[in-house]
Amino acid sequence: MTSTEVPPADRAGHIEQRGIEHVPDAERHGSPRELFALWAAPNVNYVALMLGGSVTGLLGLGWQAGLAITVIGNLFWVLIGVLAASGTSSGTPSEVISRSMFGVRGNRVNITVTGWLLCVCYFALNLAAAAQAAFALSAVLGWAPSTAGQVILVIMIAVAILTLSVYGHATITRLYQPFAAILAVAFLILGCFILAHTNWDWRPAEELHGSALAAGWMAGIAIIASGPLSYLNSADFARYLPKETPARSVAGWTFFGAFLPSTIISALGVLAGTAIDMTDPQTTLETILPSWFYPVFLLAVVLGLIANSAMTAYSSGLALQAIGLKVRRSISVLIDGAVGILVTLYALFGSDNFLDTISQALQLSIMLVGPSVAIYLVDILLRRNRYDGAQLSDETPGSIFWYSAGVNWYGTGAAVAGMVAAALCIDTDLYVGPVAAALNGIDLSLPVGILVTAGLYAVLMRDRVRAQL
């Protein structure tokens with residue numbers, strides 16, 4: 001099969017047939033350029049705007065520092081681009097590739113925490129944000145929905161998300177090209193209005209100095225970097241590409257597709273923070289937008305969050321399969337969607353602060369995703385991105401990635417050590433580590449977690465990996 005022929009198992013407009021199983025070379029197709037729009041569409045969104053706004057709105061940094069932080073934080077997309085190349089090499093999703101790092105059984109625990117649980121949390125947050133934008137859009141259009149009407153809107157948005165996720169890779173790849181173009185135009189217009197109202201002389205009420213300034217910078221970088229680092233699943237969307245596709249092309253198109261919109265939208269959030277209160281941008285942006293464009297903006301918010309959530313739900317379904325649930329991928333997506341809908345409905349209508357609790361809990365996720373990305377990256381480097389999809393798919397005792405009783409204790413130990421090191425250095429609303437407290441709030445959890453994990457894994461696994469190749 002040539003790179004232009006599409007296999008029946010992965011055809012736009014049809015439900016994708018494959019789940020976590022290895023994609024044979026004969027079924028590989030497509031071009032790495034497709035990855036640009038695939039990653040651009042979900043990252044031209046409201047979340048990036050909010051993250052940028054938090055740098056000036058919550059951390060009290062100047063807009064110049066905020067712009068620098070958005071660039072530095074979004075450069076972590078480079079790592080996600082490298083991870084994506086492992087999907088092309090192996091023909092399997094990230095949730096299967098990580099068996100090489102944790103073992104068949106150990107990986108089930110890893111995916112439960114860093115894959116499935118985080119995906120469900122992000123799905124619920126995105127669905128809640130999309131629903132709130134839809135509520136506001138309805139009000140602008142003259143309909144103030146009752147609670148029953150709001151529930152119906154939540155379910156309608158969730159149905160759109162899950163439909164995309166169930167149809168899968170080919171349909172997402174096809175639709176995200178026009179999605180990216182439409183969203184880019186909408187946010188370009190938004191950017192024009194933000195720039196027109198930017199207060200270039202704006203200064204925070206209290207200038208930060210010394211350790212407080214350093215703490216602000218590190219917190220800002222961690223906030224922005226949390227976006228890219230949450231995409232441990234980037235191989236999921238590259239595994240259908242022909243095996244001979246250059247790794248640098250996969251990494252490059254993934255990186256640029258995500259980095260460019262994320263950086264631009266985050267920067268707009270920083271600048272908007274000089275004119276309005278960015279703690280509630282959906283409401284305050286209305287004060288600087290013309291009446292004709294505000295509903296267009298809200299619609300773009302909903303569309304962008306649908307695009308983002310569909311990718312999350314897609315990978316969440318793969319995660320359930322990798323954990324050991326023996327159902328088709330389409331069914332696992334629907335199961336995750338049902339859980340996400342219930343969590344969202346409870347957050348919106350059953351609890352006054354449940355969404356805040358989820359958001360605060362996700363602040364702690366940097367302790368998990370930093371070390372997880374580090375292990376994945378070092379494993380790719382040690383193996384020189386040479387993965388055998390058939391070997392990774394073998395879950396039987398005695399297989400190459402069975403290790404000891406199904407667990408790679410070296411990989412598990414390196415991950416736990418990195419997470420503990422990150423926990424000692426983290427500074428969040430829920431928990432402050434002793435090192436961060438001693439440093440007056442300077443949060444070093446991101447670099448410490450990554451460096452400790454990467455160093456340990458490289459030392460412990462170097463000879464073991466060499467023996468497997």
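Residues numbered from 1 in each chain as written. Predicted model: local features only at pLDDT ≥ 70, side-chain atom pairs only at ≥ 80, totals over all residues. Heavy atoms only, no water.

A.B. asks: Sorry, what's going on with the side chain of Ser330 here?
C.D. replies: Take Ser330: it is sitting in helix 14 (residues 329–350). You can call Ser330 buried: its relative accessible area is 11%. Sequence-distant contacts of Ser330, that is, excluding residues within four places in its chain, are made with Ile15 and Val166. (Helix = DSSP H or I, 4+ residues; strand = E, 2+ residues; numbered from the N terminus. Buried < 20%, exposed > 50% of the residue type's maximum accessible area, 1.4 Å probe, protein only. Contact = heavy atoms within 4.5 Å.)

A.B. asks: I keep staring at the environment of Leu241 and nothing clicks. Help me out?
C.D. replies: Note that Leu241 resides in the loop between helix 10 (210–229) and helix 11 (247–272). Using a relative accessible area of 4% as the deciding quantity, one classes Leu241 as buried. For Leu241 and Leu190, which are 51 residues apart along the polypeptide, the C-alpha to C-alpha distance reads 35 Å. When residues no more than four places from it in sequence are discounted, the contact partners of Leu241 are Arg28, His29, Gly30, Ser31, Pro32, Leu35, Thr88 and Val250.

A.B. asks: Which parts of the structure should I look at to understand helix 4 (residues 77–90)?
C.D. replies: Side chains of residues three or four places apart in an α-helix project in the same direction, reflecting 3.6 residues per turn. In a regular helix each residue adds 1.5 Å, so 14 residues correspond to 20 Å; helix 4 covers 21 Å between its end C-alpha atoms and thus fits that length. When you tally the buried positions in helix 4, you get 12 out of 14 residues, the bulk of the element. Gly91 lies just past helix 4 and shows a positive phi near 75°. (Expected span 1.5 Å × (residues − 1).)

A.B. asks: Got a minute to help me understand the pattern of salt bridges in this structure?
C.D. replies: Side-chain pairs of opposite charge can arise whenever the charged atoms involved come near each other. Overall, the coordinates contain 9 salt bridges when judged by the stated rule. One salt bridge connects Glu21 with Arg18, and the closest N-O pair in it is separated by 4.0 Å. The partly exposed category is assigned to Glu21, whose relative accessible area is 33%. The exposure class assigned to Arg18 is buried, which follows from its relative accessible area of 16%. Ionic pairing is found between Glu395 and Arg108, a salt bridge with its closest N-O pair at 2.9 Å. (Salt bridge = Lys/Arg side-chain N within 4 Å of Asp/Glu carboxyl O.)

A.B. asks: How should I be thinking about a nonpolar patch on the surface in this particular structure?
C.D. replies: A cluster of nonpolar side chains, Phe36, Trp253, Phe256, Leu260 and Ile264, forms an exposed patch at the surface whose accessible area comes to about 440 Å². Under the relative-accessibility criterion, Phe36 is labelled partly exposed at 30%. (Patch = residues over 30% accessible without salt bridge, like charges linked within 9 Å, V, L, I, M, F, W, Y side chains within 5 Å. Areas by Shrake-Rupley, 256 points an atom, 1.4 Å probe, with all protein chains shown as cover.)

A.B. asks: Any chance you could explain the environment of Ile306 here in plain terms?
C.D. replies: Mapped onto the fold, Ile306 is located in helix 13 (residues 294–323). Owing to a relative accessible area of 11%, Ile306 belongs among the buried residues under this scheme. For Ile306 and Leu188, which are 118 residues apart along the polypeptide, the C-alpha to C-alpha distance reads 19 Å. Other than its neighbours up to four places away in sequence, Ile306 contacts Ile157, Ala160, Ile161, Leu164 and Tyr176.

A.B. asks: I would appreciate a short explanation of the packing of aromatic side chains in the present structure.
C.D. replies: Aromatic ring pairs are described here by two measures, namely the spacing of the ring centres and the angle between the planes. Taken as a whole, this structure holds 17 aromatic pairs when the rule is applied. On the numbers, 5.2 Å between centres and 80° between planes, the contact of Trp39 with Tyr231 is edge-to-face. Of the two residues, Trp39 is situated in helix 1 (residues 34–43) and Tyr231 in the loop between helix 10 and helix 11; the sequence distance between them amounts to 192 residues. The class of Tyr231 is buried, set by a relative accessible area of 9%. (Phe/Tyr/Trp six-rings, centres within 6.5 Å; stacked < 30°, edge-to-face > 60°.)

A.B. asks: Could you clarify how one ought to interpret the packing of helix 9 (residues 169–197) against helix 11 in this entry?
C.D. replies: A pair of packed helices is captured by two measures, namely the crossing angle of their axes and the spacing between those axes. Where helix 9 meets helix 11, the axes come as close as 10 Å, and the angle between the chain directions of the two elements is 25°. One finds that helix 9 runs roughly parallel with respect to helix 11. In terms of crossing hand, the pair formed by helix 9 and helix 11 is left-handed. Every residue of helix 11 that contacts helix 9 at Phe187, Gly191, Ile194 and Leu195 is listed here: Ile265, Leu268, Leu271 and Ala272. Residues belonging to the contact of helix 9 with helix 11 are distributed by class as follows: 7 nonpolar, 1 polar and no charged. (Axes fitted to C-alpha atoms, helices over the stretch in contact; angles between N-to-C directions. Parallel < 35°, antiparallel > 145°, perpendicular 65-115°, else oblique. Left-handed = near helix turned anticlockwise from the far one by under 90°. Nonpolar A, V, L, I, M, F, W, Y, C, P; charged D, E, K, R; others polar.)

A.B. asks: What should I look at first to understand the packing of helix 8 (residues 147–167) against helix 14 in this one?
C.D. replies: In contact at an axis separation of 10 Å, helix 8 and helix 14 are set at 155° when each is read in the N-to-C sense. What the angle tells us is that helix 8 and helix 14 run roughly antiparallel. Relative to helix 14, helix 8 is oriented so that their crossing is right-handed. Residue-level inspection shows Thr147, Gln150, Val151, Val154, Ala158, Leu162, Ser165, Val166 and Tyr167 of helix 8 in contact with helix 14, the latter providing Arg329, Ser330, Val333, Leu334, Gly337, Ile341, Thr344, Leu345, Leu348 and Phe349.

A.B. asks: In this structure, what is going on with unusual backbone geometry? I would like to understand it.
C.D. replies: For residues other than glycine, phi is negative in most cases, and the peptide bonds are mostly trans. Phi angles above zero are rare outside glycine, and Arg384 is one such case at about 55°. Its relative accessible area of 57% is what places Arg384 among the exposed residues.

A.B. asks: In this structure, what is going on with the nonpolar core? I would like to understand it.
C.D. replies: The nonpolar side chains of soluble globular proteins are, as a tendency, buried together. Among the nonpolar cores identified, the biggest contains 124 residues, and Trp39, Leu49, Tyr176, Leu190, Leu229 and Phe297 are the most heavily contacted of them. Of the residues forming this core, the biggest block, 14 residues, is contributed by helix 13. When neighbours within four sequence positions are excluded, Leu229 is seen to be in contact with Phe76, Leu79, Ile80, Ile366, Val369, Val373 and Leu446. (Core = buried A, V, L, I, M, F, W, Y, C linked by side-chain atoms within 4.5 Å.)

A.B. asks: Please clarify how helix 14 should be interpreted in this entry.
C.D. replies: Between its terminal C-alpha atoms helix 14 stretches 30 Å, which fits the 32 Å expected from 22 residues at 1.5 Å a residue. Where helix 14 is concerned, the buried positions are Arg329, Ser330, Ser332, Val333, Asp336, Gly337, Gly340, Ile341, Thr344, Leu345, Ala347 and Leu348.

A.B. asks: Help me understand the side chain of Thr428, please; the structure alone is not making it clear to me.
C.D. replies: Position of Thr428 relative to the elements: it lies in the loop between helix 18 (409–425) and helix 19 (434–438). In this structure Thr428 comes out as buried when scored by relative accessible area, which is 9%. Filtering out sequence-adjacent residues up to four positions away, Thr428 remains in contact with Gln363 and Leu364.

Everything listed here is a matter of geometry and, on its own, says nothing about what the molecule does.
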